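# A closer look at the structure
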Amino acid sequence: MSELFDITYFDPGKIQFSYGTGTTVHFKNMDKVYHNIGIFRTFPFSKPYEYISIWDGDTELGVIKDVDQLEDGSKDVIKRELHVRYVVPEVKKIRSIKEEPGLWIFELDTDRGPLKLMMRNIHEHLDLLPPNRIIITDMDGKRCEITSYKELDMHSRKELSKVI
């Protein structure tokens, strides 16, 4: 059984995003205005600002191929909304990575404070992404990101070398 899916790609010059009252986001596509829309990443790790899906309730309206092609005001609204929806602490320092019987323990300093992650099979919990990014997810689903392991301090890189 096969189904056809049509994807509507928006022309960046014909769409606009703005804030309404509170934190509701309004979307204008040509002359049609939508209120309180949803904004979602289709590739949250590999392409965080490309192929952004726009929803009105439970209906997908279409996809923005690249947020950077939007005018500045709309780009700011989209990036802010994505940042709020996809909160992923950024690792600033690795204090320690320890292996205990059947368990790996990461003690990290992030841009949102200290974080302790525990995982059983280390390689199921580390996603290495180009060019030097690493997404770490623990057993409970807590997640953080190393935006560039090459930019970490020497101690952090030494700790990280235990697992990659």
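So, a few notes on the structure that sits alongside this text. (Residues numbered from 1 in each chain as written. Predicted model: local features only at pLDDT ≥ 70, side-chain atom pairs only at ≥ 80, totals over all residues. Heavy atoms only, no water.)

### Focus: the nonpolar core
Spelled out, the test is: By nonpolar core we mean a set of buried residues, namely Ala, Val, Leu, Ile, Met, Phe, Trp, Tyr and Cys, connected to one another through side-chain atoms within 4.5 Å. Think of it in three bands: with a 1.4 Å probe and only protein chains considered, a residue is buried below 20% of the maximum accessible area for its type, exposed above 50%, and partly exposed in between. The secondary structure listing takes helices from DSSP runs of H or I that are at least 4 residues long and strands from runs of E that are at least 2 residues long, numbered from the N terminus. Any pair of residues with heavy atoms lying within 4.5 Å of one another is described as a contacting pair.
If you look at the biggest cluster of nonpolar residues, it comprises 18 residues, and the most contacted ones within it are Ile94, Phe106, Leu117, Ile136, Ile146, Leu160 and Val163. Elements represented by at least two residues in this core include exactly strand 7 (91-100), strand 8 (103-110), strand 9 (113-119), strand 11 (133-137) and strand 12 (143-146). Leave out the neighbours within four places in its chain, and Leu117 touches Trp104, Ile105, Phe106, Leu108, Ile136, Asp138, Lys142 and Cys144. By size, the runner-up hydrophobic cluster in this structure holds 17 residues, among which are Ile39, Leu61, Ile64 and Leu82.

### Points about the sheet that holds strand 11
For clarity, the cut-off: In this description, strands pair whenever DSSP reports at least two bridges between them. Working convention: axes come from line fits to C-alpha atoms, limited for helices to the stretch in contact. Angles between N-to-C directions cover 0 to 180 degrees.
Spatial strand order, 10-11-12: three strands in an open sheet with antiparallel pairing. Edge positions in the sheet fall to strand 10 (126-129) and strand 12, since each of these pairs with one other strand and no more. Recorded for the sheet is a direction-independent mean angle of 15 degrees between the axes of neighbouring strands. Relative to strand 11, strand 10 runs antiparallel, the two sharing four bridges. Considered in strand 11, the bridge of Asp127 is made with Ile135.

### Examining unusual backbone geometry
With an omega of -5 degrees, the peptide bond between Pro130 and Pro131 qualifies as cis. Within the secondary structure layout, Pro131 lies in the loop between strand 10 and strand 11. The backbone of Met30 sits at a positive phi, close to 60 degrees, despite the residue not being glycine. Its relative accessible area of 52% is what places Met30 among the exposed residues. In this model, Tyr51 sits at a positive phi of 55 degrees, which is unusual for a non-glycine residue. Along the chain, Tyr51 falls in strand 5 (residues 50-56). Residue classification places Tyr51 among the partly exposed positions, given a relative accessible area of 28%.

### Thoughts on the packing of aromatic side chains
The geometry of an aromatic ring pair comes down to the distance between the two centres and the angle between the two planes. The cut-off we apply is this: By convention, a stacked pair of Phe, Tyr or Trp rings (six-membered ring in the case of Trp) has centres within 6.5 Å and planes under 30 degrees apart, an edge-to-face pair has planes over 60 apart, and any other such pair is tilted.
If you walk through the whole model with that rule in mind, you get four aromatic pairs. Ring centres of Phe10 and Phe27 lie 5.0 Å apart, and the angle between their planes is 65 degrees; on these two criteria the pair is classed as edge-to-face. A residue pair is termed long-range when its members are at least 10 positions apart, and Phe10 in the segment before strand 1 (15-19) and Phe27 in strand 2 (residues 25-29) qualify at 17 residues. With respect to class, Phe10 is no different from Phe27; both count as buried. Between Phe27 and Tyr34, the ring centres sit 5.8 Å apart and the planes meet at 25 degrees, which makes this aromatic pair stacked. Judged by its relative accessible area of 17%, Tyr34 falls in the buried class.

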